[in-house]
There are 2 protein chains.
Amino acid sequence: MSTQDNWYIERFEPTGSAIGYRVEAKLDEVQSPFQKIEIYRTTDWGNLMLIDGAVMLTSRDNFLYHEMISHPVLFTHAAPKRVVIIGGGDCGTLREVLKHPGVESATQCDIDEQVTRMAEKHFPELCDSNDDPRAELLFDDGVAYMANCPAGSVDVVIVDSTDPVGPAEGLFNKDFYASCFRALKDDGILVQQSESPLAQLELIKAMRAEMGKAGFSTFKTLPFPQPCYPTGWWSVTLARKGQGFDFREGDAQAKAFETRYYTAHLHQGVLVAPPFVAQALAE
Amino acid sequence: MSTQDNWYIERFEPTGSAIGYRVEAKLDEVQSPFQKIEIYRTTDWGNLMLIDGAVMLTSRDNFLYHEMISHPVLFTHAAPKRVVIIGGGDCGTLREVLKHPGVESATQCDIDEQVTRMAEKHFPELCDSNDDPRAELLFDDGVAYMANCPAGSVDVVIVDSTDPVGPAEGLFNKDFYASCFRALKDDGILVQQSESPLAQLELIKAMRAEMGKAGFSTFKTLPFPQPCYPTGWWSVTLARKGQGFDFREGDAQAKAFETRYYTAHLHQGVLVAPPFVAQALAE
């Protein structure tokens, strides 16, 4: 991590690869009880948020991640009404979720209120649905929130967390997944960001194994480009209580809201994993 | 560009973003008449080739690029027999092209013999089809080669070049495209690597405009992940003399060779551009 010559470079040890941006100015910094949050203005990518030195998002490319963690799962569930987002403090996922008119309530539970406060200041476009009457913003421990959730009360759980170290470590194991499983209705779906499909297949396998121990029986990992994360290629993994992933393709085609990356055609295109991924995950 | 702390970081000025790798050792270096070629051994990505400081390929992720610059165009042309590769000195594209049993001859014309010599030493797996009797390896100026190509003699031209600066600059303009147009048969297709679909849409638009001035009438830009190139998201652009891009989906499904990323399903999935790309390219 350095900003020499006005470049911020994140060297990501687990993948042996680095991503960086040319920055113009440091706009903000706060040390919350959980982590250090920094905001830079870049020359080409708008604003940049770092958490403990790890790139979280840029203004320019966050739409890829936020669309892909939201729309595939919501167009897979037959009729998602009650959605819980664990993490997601920048509010970009909440905004995408609330584009679905059938969603009746969406609770975002991030442990760190400062992430949301920084997003409101430096990524206001991501927060423009925070006043939606269907939205509830909590700043609390997501592990405890899911453990205390009434059984069978939730249609979709979205785990929009940081990497599985630090505050997010507890969101990648059987106990947490068991709470999600219990909170979900019988046709409920869990979706979680699942790191790089090229460089972190072992992590995806481990996540699926933990989800399986918690009772989930069907899995689907969807890849998408995400330039600001290690390797520039990212994924979400869906886990279902029941069998199968019946994509509501017609509804996705007919959606009444705009997206910049997600389309029904693209969703259909990633339902079959690339051969090297399928082989590694024994799909 | 620096290798401090055993990390090689490429700061890419046009996109204001950087990509890097943790390296263990420098294995080789040669200054050819055209450019400086360096080889490093990385901790996680196998060997790494740099040309004038720009990351060209790694052992681990080059299959993405080589498959996507070869198979989509070859499964779009009705019956590709005669293929010309301009650039492509690492021989990885040639290898993919020769997997198609219908290809009768494939000429690779790279201006710099040293790229191929370095590939033979440090990426031997990419060169394992160089002795195929259908393969011809030339070390010559690709602009002149296409200008001297008999008219109407080629089914597919693949421009597998470096960025549009330095030796490759002449491969991104109307004059070169006019040579390709002339050399192609009436149903011929040109395909060229076309940089980042997120950060370099203006370049893709400019390329298409030059191709159009040369007579090409139909275009298709296909995105794919490529971690070692700026933004980690890359593209190829197909340009056709005639109309339409009739994907031979059945043949792609029934292909008798293995791929690690490319599938007929994936090819189908990228035929519709993401909305932000379609909008920028006015598709």
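Cut-offs used in this document
- Residues numbered from 1 in each chain as written.
- Chains lettered and ligands numbered in written order.
- Predicted model: local features only at pLDDT ≥ 70, side-chain atom pairs only at ≥ 80, totals over all residues.
- Heavy atoms only, no water.
- UniProt positions renumbered as here; feature names shortened; annotations may be inferred.
- Least-squares fit on C-alpha atoms with pLDDT ≥ 70 in both.
- Contact = heavy atoms within 4.5 Å.
- Helix = DSSP H or I, 4+ residues; strand = E, 2+ residues; numbered from the N terminus.
- Phe/Tyr/Trp six-rings, centres within 6.5 Å; stacked < 30°, edge-to-face > 60°.
- Buried < 20%, exposed > 50% of the residue type's maximum accessible area, 1.4 Å probe, protein only.
- Lys NZ or Arg CZ within 6 Å of the ring centre and 35° of its normal.

Going by what an unreviewed UniProt entry lists, chain A is known as Polyamine aminopropyltransferase and is assigned to Pseudoxanthomonas suwonensis. Checking UniProt for chain A, the heading Subunit (unreviewed entry) contains the comment "Homodimer or homotetramer." Database annotation for chain A, UniProt heading Function (unreviewed entry): "Catalyzes the irreversible transfer of a propylamine group from the amino donor S-adenosylmethioninamine (decarboxy-AdoMet) to putrescine (1,4-diaminobutane) to yield spermidine."

A. Layout of the relation of the copies chain A and chain B. In screw terms, the move from chain A to chain B is a rotation of 180° and a rise of 0.0 Å along the axis, fitting with an RMSD of 0.0 Å. With respect to symmetry, the two chain copies, as superposed, fit the operation of a two-fold axis. Of the C-alpha atoms belonging to chain A, the one lying closest to the rotation axis is found on Gly 269 of chain A, 1.9 Å away. Looking at chain A, 100% of its interface residues are interface residues in chain B too, so the copies touch through the same face.

B. Just the UniProt feature "domain: PABS" (unreviewed entry) in chain A, in detail. Here, UniProt's "domain: PABS" (unreviewed entry) annotation points to residues 5–241 of chain A. Between the end C-alpha atoms of residues 5–241 of chain A the distance is 50 Å, and the span holds 25% helix and 37% strand.

C. The packing of aromatic side chains, seen in detail. Tallied over the entire structure, the rule returns 24 aromatic pairs over all chains. Ring geometry for Phe 63 of chain A versus Phe 276 of chain B: centroids 5.2 Å apart, planes at 75°, classification edge-to-face. With Phe 63 of chain A in helix H1 (residues 62–74) and Phe 276 of chain B in helix H9 (residues 275–281), the pair connects residues from two separate chains. Residue Phe 276 of chain B is classed as buried on the basis of its relative accessible area of 8%. Over the aromatic face of Phe 181 of chain B sits the side chain of Lys 241 of chain B, whose NZ or CZ is 4.6 Å from the ring centroid. Between the NZ or CZ atom of Lys 255 of chain B and the centre of the ring of Phe 257 of chain B, over which it lies, the distance is 5.3 Å.

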